[in-house]
Amino acid sequence: MENIIKTDAGITIEPVYTQPVPMNELPGEFPFTRGVHASMYRDKLWTMRQYAGFSTAEASNQRYHYLLSQGVSGLSVAFDLPTQIGYDSDHAMSEGEVGKVGVAIDSLEDMERLFQGINLEEITTSMTINATGFILLALYIALAKRQGADLKKISGTIQNDILKEYAARGTFIYPPKPSMRLITDIFDYCSREVPKWNTISISGYHIREAGANAVQELAFTLSNGKAYLIAAQEKGLDINVFARRLSFFFNAHNHLFEEVAKFRAARRMWAHITQSLGATDPKAQMMRFHTQTGGSTLTAQQPHNNIVRVAVQTLAATLGGTQSLHTNGYDEALSLPTEAAARIALRTQQIVGYESGVADTVDPLAGSYYVEALTNEVEGKAWELINRIDAMGGAVSAIEQGFVQDEIARSAYQYQKDVENGKKVIVGVNKFVVPEEVAPELFRVDDSIRQVQTEKLQLLRNRRNNEMVQTILQRLENAAHTTENLMPIVVEAVENYCTLGEIADTLRKVWGEHR
């Protein structure tokens, strides 16, 4: 019996591919399968970001200056769990979590410390934040104004993708409908006030981390993207304007060729989705995306093996045409990355970019019978899933019915079974195991950070104009009952040193929490 080999998403791989594929598409032209720019990396390499944030704003600021000195071309901010779900550091719910998985940001004062000595006009900043994305964006805008920056020039991205939080990640606050209202408020506000800002990074990354395979990651991400397009259009926004500022965030896993096929298929599918909803401007039809190497692929066993995994995933992202990339530290299955691990991760990008030849031509794997066939296979299977979601009433409805969550859980369960029975080989985990290992030096965040943040908050509340704070928060509460765009009020609130938790709680009073 012939040995049947499949990709991670279950697509059968033929022993050899001989069917010629007609190549009549060009990079930079609809449907952008081969890349969103005609010259791709020949003109400019992808933006090399390193996702970083921990402890206090001061400590993270030191890491950012270090990364910038090492050649990072864009910052990517990680926030701690209380910041992500709208609690100040001194809230009872924050205990044990302050500064642990990211930096603690409670107010504009923290934002000022986070970017001390960094000119916001000169860098791009990606902020991985969703439920409180509107507050962190307001803080960034307020800081840019303090610096005297031209808001028409500042650029970056907030993740702001709440649908995948309900489906895969869990850092939501409000029910879906008011959450979608916040997102469209951001679309509308930024199109006028901060036109170069990417208002959403529609994220497949966390869907994949939760256990989805490549096809599911693609289908669920694009379905969510389609829901955001429709919601914005229902608010009266022009797809040719707001769709230009949408970006995506994908995962890069270890199956090199399936990942390349996924990225190529994603651009083609998004071009057709935007076109079907009325987009005629090519820039509104283009999919631009950030990639991060796969956190769930990193192993605590033989952690130095992760350096090789990250290198393979870096090749997948760059051969697939990503616009920016974060590479994980080899020690991240054990702790936050040490400075040495972060440097190796950045050097991995730089070696691929400057030494490998990947950047010398556009879409280097185009025309490969295997890659072209796999691109078509991934696309076809993703469309099947999207059509099922559309039949349920779209992404919001499919999430409310539990369909997306069940599909991810089923895939995660099957993957774990395959690892445990040895069908899926993980080097150093279920094959080529060593009996004893010496753990590498780990990076730990001190539990005293919460006390430090609490003292800062007490000083802030004593110094600020608390009468003004209460007036603005009442205005925000009143506006939340209407259809008024909330972003101008939130910007004014943070400028007057309302805290993140106070703003989030004001809206909790109106909308409640999603359970």
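Structure: see above.
Residues numbered from 1 in each chain as written. Predicted model: local features only at pLDDT ≥ 70, side-chain atom pairs only at ≥ 80, totals over all residues. Heavy atoms only, no water.

Draft legend 1. Inspection of helix α17 (residues 449–463) at higher detail. The terminal C-alpha atoms of α17 lie 21 Å apart, and with 15 residues this matches the ideal 21 Å at 1.5 Å per residue to within 8%. Those residues of α17 hidden inside the fold are in contact with α1 (57–69) and α3 (108–114). (Helix = DSSP H or I, 4+ residues; strand = E, 2+ residues; numbered from the N terminus. Expected span 1.5 Å × (residues − 1). Contact = heavy atoms within 4.5 Å.)

Draft legend 2. Region of the structure containing the sheet that holds strand β3 (residues 47–52). Strand order in the open sheet made by the nine strands is β7-β6-β5-β4-β3-β11-β10-β9-β8, with parallel pairing throughout. This sheet does not close on itself; its edge strands, each paired only once, are β7 (197–198) and β8 (200–203). The pairing of strand β4 (residues 74–78) with strand β5 (residues 124–128) spans four bridges and is parallel. Across the sheet, residue Leu75 finds its bridge partner in β5, namely Thr125. Running at roughly 150° to β4, α1 makes contact with β3 and β4 of the sheet. (Pairing = 2+ DSSP bridges. Axes fitted to C-alpha atoms, helices over the stretch in contact; angles between N-to-C directions.)

Draft legend 3. Quick peek at the pairing of strand β10 (residues 289–293). Taken across its five residues, β10 has five buried, putting it largely inside the fold. The two faces of β10 match: Phe289, Thr291 and Thr293 on one face and His290 and Gln292 on the other face are all buried. Sheet topology note: the strand β9 (residues 246–252)/β10 ladder contains five bridges and is parallel. Its bridge partner being in β10, Asn251 is matched across the sheet by Gln292. The pairing of β10 with strand β11 (residues 324–326) spans three bridges and is parallel. Within β11, the residue paired with Gln292 across the bridge is His326. Crossover β10 to β11 through helix α12 (residues 305–319) is right-handed. (Buried < 20%, exposed > 50% of the residue type's maximum accessible area, 1.4 Å probe, protein only. Right-handed = clockwise from strand over helix to strand, strands pointing away.)

Draft legend 4. Here's a closer look at the pattern of salt bridges. Applying the stated rule across the entire model yields 35 salt bridges. Of the charged contacts in the structure, one is a salt bridge between Lys456 and Glu58, with a shortest N-O distance of 3.0 Å. In this pair, Lys456 is assigned in helix α17 and Glu58 in helix α1, connecting sequence segments 398 residues apart. Given a relative accessible area of 15%, Lys456 falls into the buried group. (Salt bridge = Lys/Arg side-chain N within 4 Å of Asp/Glu carboxyl O.)

Draft legend 5. Quick look at the packing of aromatic side chains. With the rule as written, the count across this model stands at 15 aromatic pairs. The interplanar angle of 75° and the centroid separation of 4.7 Å between the aromatic rings of Phe248 and Trp270 together place this pair among those described as edge-to-face. Pair noted here: Phe248 is in strand β9 and Trp270 is in helix α10 (residues 256–276), with a separation of 22 residues, a long-range link. Like Trp270, Phe248 is buried. Each ring, one from Phe250 and one from Phe289, has its centre 5.5 Å from the other, and the planes form 80°; the classification is edge-to-face. Taken together, the positions of Phe250 in strand β9 and Phe289 in strand β10 put the pair 39 residues apart, joining distant regions of the chain. For the pair shown, Phe250 and Phe289 are each scored as buried. Grouping aromatic residues by their ring pairs yields a cluster made of Phe248, Phe250, Phe263, Trp270 and Phe289. We note Arg508 situated over the ring of Tyr87; from NZ or CZ to the ring centre the distance is 4.4 Å. (Phe/Tyr/Trp six-rings, centres within 6.5 Å; stacked < 30°, edge-to-face > 60°. Lys NZ or Arg CZ within 6 Å of the ring centre and 35° of its normal.)

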